[in-house]
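Listed below, chain by chain, are the residues.
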Amino acid sequence: MTRWLLNLTENLPGCAFDLGEFGCIALNRYDRRIKWSYQMSLLKCLSEDLGCCYSVLRFSLASFSEIFSYTACRQLSQLLLSIIFFHGSEYILAVAFHGRSNVTLKSLLVSRNYLLAMFFSLVEYLLEVSLFPALKECWWISNFGLAMIVVGEIIRKMAIITAGRAFTHLIKIYHEDHHKLITHGIYRFIRHPGYCGFFIWSVGTQIMLCNPVSTFAFAAVVWHFFATRIPYEEFFLRQFFGREYEEYAQTVPSGVPFVK
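Overview of the structure. Since this is a predicted model, take the numbers as computed values, not measurements.

A word on the overall build of the chain
Phase 1: Of regular secondary structure, the chain possesses eight helices and zero strands.
Phase 2: Shown N-terminal to C-terminal, the secondary structure of the chain runs as helices and strands in the order α-α-α-α-α-α-α-α.
Phase 3: A total of 260 residues make up the chain; the buried ones form 37% of that total.
Phase 4: Relative to all contacts within the chain whose residues are 6 or more apart in sequence, the contacts with residues 24 or more apart total 76%.
Phase 5: Of the roughly 16700 Å² of accessible surface on the chain, 69% is carried by carbon and sulfur atoms.

Quick look at the structure:
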């Protein structure tokens, strides 16, 4: 642009002012406009980025508010108390019937697969309470799951107390003198009340959390475990008690759905 203005001064005789200097001034003003436009573009991009950050921050705060809401605090505290009571009482009863020297930490029934399952259920819960908080507000479902936890706990603890020393967390492959066939109490109605109680308890924890995925996953995994364990255990029970156990097994259900 400056060159064009200089050429213009040469074609205008008698020009009394320096257009070359005028052109430089005009060019500087043109450069300022470009810089101004560039700065405005930067400010616009910065404002958009700040808007995105604000939206993400607002979503994060909303997610945290859902996680620490009354519903989440109540359901997660119920789960924590259920787990502590279940495993703590298992260990205490094992010590009471078998003695401290014959009980190990395995009596807490905390395995690697169990911890992974609970971790998966917590991940599902936190995702769903953040993205679909209304899903956790189905209180009749959550309370039904809590009732299942209580019922399952009662059934299992009745089984342990009724069987006494005959109840063990590990399958006995050798017959011992104190190992007797228990057919009274809750064993009159359920052949394996300990397994039945744990099945109801474990599935109930996920129904209480309103976890649809974990509910079906827990039901499938726990059922498969007992469907394999019960025939293996009863193989030795038939060897220990013979026809007496055969007649008992024919008249009393196992307590686990679809497992004879």
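A look at empty space enclosed by the protein
Phase 1: Taken as a whole and assessed by the stated rule, the structure comprises one cavity of 30 Å³ or more.
Phase 2: In this structure, the largest cavity is lined by Glu90, Leu93, Ala94, Phe97, His98, Ile160, Gly164, Phe167 and His169.
Phase 3: Class assignment for the residues of the lining of the largest cavity results in five nonpolar, three polar and one charged.

Topic: the nonpolar core
A general trend in soluble globular proteins is that nonpolar side chains are found buried together.
Phase 1: Core analysis: the largest hydrophobic core is formed by 45 residues, its most contacted members being Tyr187, Trp201, Phe226 and Tyr245.
Phase 2: Of all the secondary structure elements, the ones that give two or more residues to this core are helix H3 (70-98), helix H4 (112-131), helix H5 (139-163), helix H6 (193-208), helix H7 (212-241) and helix H8 (243-251).
Phase 3: In terms of residues, this core owes the most to one element, H6, which gives nine residues.
Phase 4: If sequence neighbours within four positions are ignored, Phe226 has contacts with Tyr195, Phe198, Phe199, Pro231 and Val256.

Points about the packing of H6 against H7
Phase 1: One way to put it is that H6 packs onto H7 with a least axis distance of 9 Å and a crossing angle of 170°. As summarised for this structure, H6 and H7 are arranged roughly antiparallel, according to the angle between their axes. Residues Tyr195, Phe198, Phe199, Ser202, Val203, Thr205, Gln206 and Ile207 of H6 form the contact with H7, whose own contacting residues are Ser214, Thr215, Phe218, Ala219, Val222, Trp223, Phe226, Arg229, Ile230 and Glu233.
Phase 2: For the contact of H6 with H7, the residue count by class is eleven nonpolar, five polar and two charged.

Quick word on a nonpolar patch on the surface
Phase 1: A contiguous nonpolar surface patch, about 290 Å² in accessible area, is contributed by Phe119, Val123 and Leu127.
Phase 2: Checked against the element boundaries, Phe119 lands in helix H4.
Phase 3: For Phe119, a relative accessible area of 55% puts it in the exposed group.

Points about the environment of Ile186
Phase 1: Position of Ile186 relative to the elements: it lies in the loop between H5 and H6.
Phase 2: For Ile186, a relative accessible area of 9% translates into the label buried.
Phase 3: With 30 residues separating them in the primary sequence, Ile186 and Arg156 have C-alpha atoms 9.6 Å apart.
Phase 4: The residues contacting Ile186, other than those within four sequence positions of it, are Ile155, Met158, Ala159, Thr162 and Pro193.

Let's talk about unusual backbone geometry
Phase 1: Positioned with a positive phi, Cys210 is a non-glycine residue whose angle comes to about 60°.
Phase 2: On the secondary structure map, Cys210 appears in the loop between H6 and H7.
Phase 3: Residue classification places Cys210 among the buried residues on the basis of a relative accessible area of 7%.
Phase 4: Within the chain, Phe258 stands out as a residue other than glycine whose phi angle is a positive 65°.

Overview of the side chain of Ser254
Phase 1: Looking at the element boundaries, Ser254 is found in the segment after H8.
Phase 2: Ser254 has contacts with Ile190, Arg191, His192, Ile230, Val259 and Lys260, leaving out every residue within four places of it along the chain.

What about the pattern of salt bridges?
Phase 1: Within the structure shown, the criterion is met by nine salt bridges.
Phase 2: The partner of Arg238 in a salt bridge is Glu234, and the shortest N-O contact between them spans 3.6 Å. Of this pair, Arg238 and Glu234 both sit in helix H7, separated by four residues, roughly a single helical turn.
Phase 3: Glu234 sits in the buried class, given a relative accessible area of 3%.
Phase 4: What you see here is one network of salt bridges that share partners, running through Glu90, Glu153, Arg156 and Lys157.

Thresholds, definitions, all that
Residues numbered from 1 in each chain as written. Predicted model: local features only at pLDDT ≥ 70, side-chain atom pairs only at ≥ 80, totals over all residues. Heavy atoms only, no water. Helix = DSSP H or I, 4+ residues; strand = E, 2+ residues; numbered from the N terminus. Buried < 20%, exposed > 50% of the residue type's maximum accessible area, 1.4 Å probe, protein only. Contact = heavy atoms within 4.5 Å. Areas by Shrake-Rupley, 256 points an atom, 1.4 Å probe, with all protein chains shown as cover. 1 Å grid on protein atoms, 1.4 Å probe; cavity = no way out; pocket = protein on both sides within 12 Å on 5 of 7 lines; lining within 4 Å. Points joined across faces, edges and corners; volume = space filled by probe spheres on them. Nonpolar A, V, L, I, M, F, W, Y, C, P; charged D, E, K, R; others polar. Core = buried A, V, L, I, M, F, W, Y, C linked by side-chain atoms within 4.5 Å. Axes fitted to C-alpha atoms, helices over the stretch in contact; angles between N-to-C directions. Parallel < 35°, antiparallel > 145°, perpendicular 65-115°, else oblique. Patch = residues over 30% accessible without salt bridge, like charges linked within 9 Å, V, L, I, M, F, W, Y side chains within 5 Å. Salt bridge = Lys/Arg side-chain N within 4 Å of Asp/Glu carboxyl O.

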